[in-house]
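Understanding the architecture of this molecule
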Amino acid sequence: MVIQCAIIFGCLALGELVVWLTGIKLPSSIIGMLILALLLQVKAVKLRQVEGMANFLVKNFGFFFVPAAVSLMLYLDIICAQWLPILVASAVSTVVVIVVTGWIHQLARKFF
Amino acid sequence: MEYLSNTYFLLALTFAAYALSQLLQWRTQLSVLNPILISAIVIIAYLKLTNVSIESYNEGGRYIEFWLKPAIVALGVPLYKQLSTIRKQLLPLIISELAGCVAGIISVVLVARLLGATQEVVMSLAAKSVTTPIAMEVTKAVGGIPSLTAAVVICVGIFGGMTGFKVMKMTRIGSPIAQGLSLGTAAHAMGTSRAMDVSDKYGAFASLGLTINGIFTALLTPTVLSLLD
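Calculation rules
Residues numbered from 1 in each chain as written. Chains lettered and ligands numbered in written order. Predicted model: local features only at pLDDT ≥ 70, side-chain atom pairs only at ≥ 80, totals over all residues. Heavy atoms only, no water. Helix = DSSP H or I, 4+ residues; strand = E, 2+ residues; numbered from the N terminus. Rg over C-alpha atoms; globule rule 2.2 N^0.38 Å. Buried < 20%, exposed > 50% of the residue type's maximum accessible area, 1.4 Å probe, protein only. Contact = heavy atoms within 4.5 Å. Areas by Shrake-Rupley, 256 points an atom, 1.4 Å probe, with all protein chains shown as cover. Buried area = accessible area lost by both parts, 1.4 Å probe. Salt bridge = Lys/Arg side-chain N within 4 Å of Asp/Glu carboxyl O. Polar contact = N/O pair within 3.5 Å; in protein donor to acceptor, adjacent residues only side chain to side chain. pLDDT = per-residue confidence, 0-100. Axes fitted to C-alpha atoms, helices over the stretch in contact; angles between N-to-C directions. Parallel < 35°, antiparallel > 145°, perpendicular 65-115°, else oblique. Left-handed = near helix turned anticlockwise from the far one by under 90°. Core = buried A, V, L, I, M, F, W, Y, C linked by side-chain atoms within 4.5 Å.

1. Some details on the overall build of chain B
The helix and strand tally for chain B stands at 12 helices and zero strands. In sequence order, chain B lays out its α and β elements as α-α-α-α-α-α-α-α-α-α-α-α. For 229 residues, the compact-globule estimate of 2.2 N^0.38 gives 17 Å, and chain B sits close to it at 19 Å. In chain B, which comprises 229 residues, the proportion classed as buried is 57%. For chain B, restricting intrachain contacts to residue pairs at least 6 apart in sequence, the fraction spanning at least 24 positions comes to 63%. For chain B, the exposed area adds up to about 9,800 Å²; of that, 66% sits on carbon and sulfur atoms.

Laid out in structure tokens, this is it:
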């Protein structure tokens, strides 16, 4: 488990380094994710060296953002003040994403 | 009653609330009873009733939140596992994800502005389709309110899971790959779990959708937003 943590936090640290060096507007965690996938692909890291910890983290994803959702109580005023644009825009846009993604994918597969 | 704000007690309460909420959802199979939402409501109610401050709660809460970043890094494993599928269908996947991602950002920004949302709120909605940690990171980068994004992402997940298959039936999106992909793209992990209910194939492409849209949204949101200004 220590090795698994070392690899995952190592990738995260590399992501932080990339952000610090380049000033890129991308979360360090996402760069770390791409680095991990790359290291697995070039076999620098073996799947069994990260799989246990990675599964644990991915499976419990939801739990890790409970505190963020609790902090919501600080923003109840903003949500209530603008509930109409927030809820309507999110609902309309979610339908748009489903339809555009699905249609374009079905269309693109006919050509490629 | 100082004990009511004890850090370890509040951490234990969080674990217990989440475990019970998960059990509740398994028992009822209702996507509305999202464990994050239900346990947050329970904890908020506790804090209000006992007059414990959110700052006291976060003394323990930040140890939970700390694991969000390593969890995103861990998504590199499913990403790696799907690399061969991605390669085979690279062009259709990239084109449809690109279209879905950009259409999502533009539509949410335009509708929110039309209905009179403030700039800060508009920025908080831009990344609403992707999984919460990524959406919150993007919101931080573009100057929105991360907690508001977390709330909106949960609403989007519930809405997408409930309506997704009906919408796709009405709009004749019939191929399993397109259906799974669309659900994951529009409604992140909650859409993916809904797709997983149907079959593993749907679930696999939904997780592909949530992964690619997560990356695209992180990469493209600042640029698309600046073009919309």
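2. Observations regarding the interface of chain B and chain A
Listed by partner, the interface residues are 89 residues for chain B and 70 residues for chain A. Across the chain B to chain A interface the summed buried area is about 7,200 Å²; carbon plus sulfur atoms make up 81%. Viewed at the interface, chain A and chain B are joined by two salt bridges. The salt bridge involving E51(A) is made with K81(B); its shortest N-O contact spans 2.9 Å. Linking chain B with chain A are 15 residue pairs in polar contact (both at pLDDT 80 or more).

3. Considering the pattern of salt bridges
Tallying each qualifying case throughout the model produces four salt bridges over all chains. Note that D229(B) is salt-bridged to R113(B), the shortest N-O span being 3.2 Å. Remark: R113(B) occurs in helix 7 (residues 90-114) and D229(B) occurs in the segment after helix 12 (200-228); sequence separation between them is 116 residues. One network of salt bridges, in which partners are shared, links E16(A), K69(B) and E137(B).

4. So, the confidence of the model for chain B
When pLDDT is low, close inspection of the predicted coordinates is not appropriate. Residues and elements named next belong to chain B. The predicted model of chain B averages 89 in pLDDT, with 97% of residues at 70 or higher. At the level of individual helices and strands, chain B shows its lowest average pLDDT in helix 6 (residues 83-88), which scores 80, and its highest in helix 7, which scores 96. In the model output, the complex is listed with pTM 0.77 alongside ipTM 0.87.

5. Overview of the packing of helix 1 (residues 7-28) of chain B against helix 2 (residues 35-50) of chain B
Residue and element names in this part refer to chain B. Packing of helix 1 against helix 2 brings their axes to within 8 Å, and their N-to-C directions diverge by 140°. The orientation of helix 1 with respect to helix 2, classified from their angle, is oblique. As helix 1 runs across helix 2, the sense of the crossing is right-handed. On helix 2, the residues that touch F9, L10, L13, T14, A17, Y18, S21, Q22 and Q25 of helix 1 are P35, I36, I38, S39, V42, I43 and Y46.

6. Quick word on the nonpolar core
Counting residues in hydrophobic clusters, the biggest one holds 90 residues, and the most contacted among them are L36(A), V50(A), V70(A), L47(B) and L125(B). With residues near it in sequence (within four places) discarded, L47(B) still touches V70(A), M73(A), V52(B), I54(B) and Y57(B). One finds V99(A), I173(B), A195(B) and A206(B) within the second-largest nonpolar core, a separate group that totals 12 residues.

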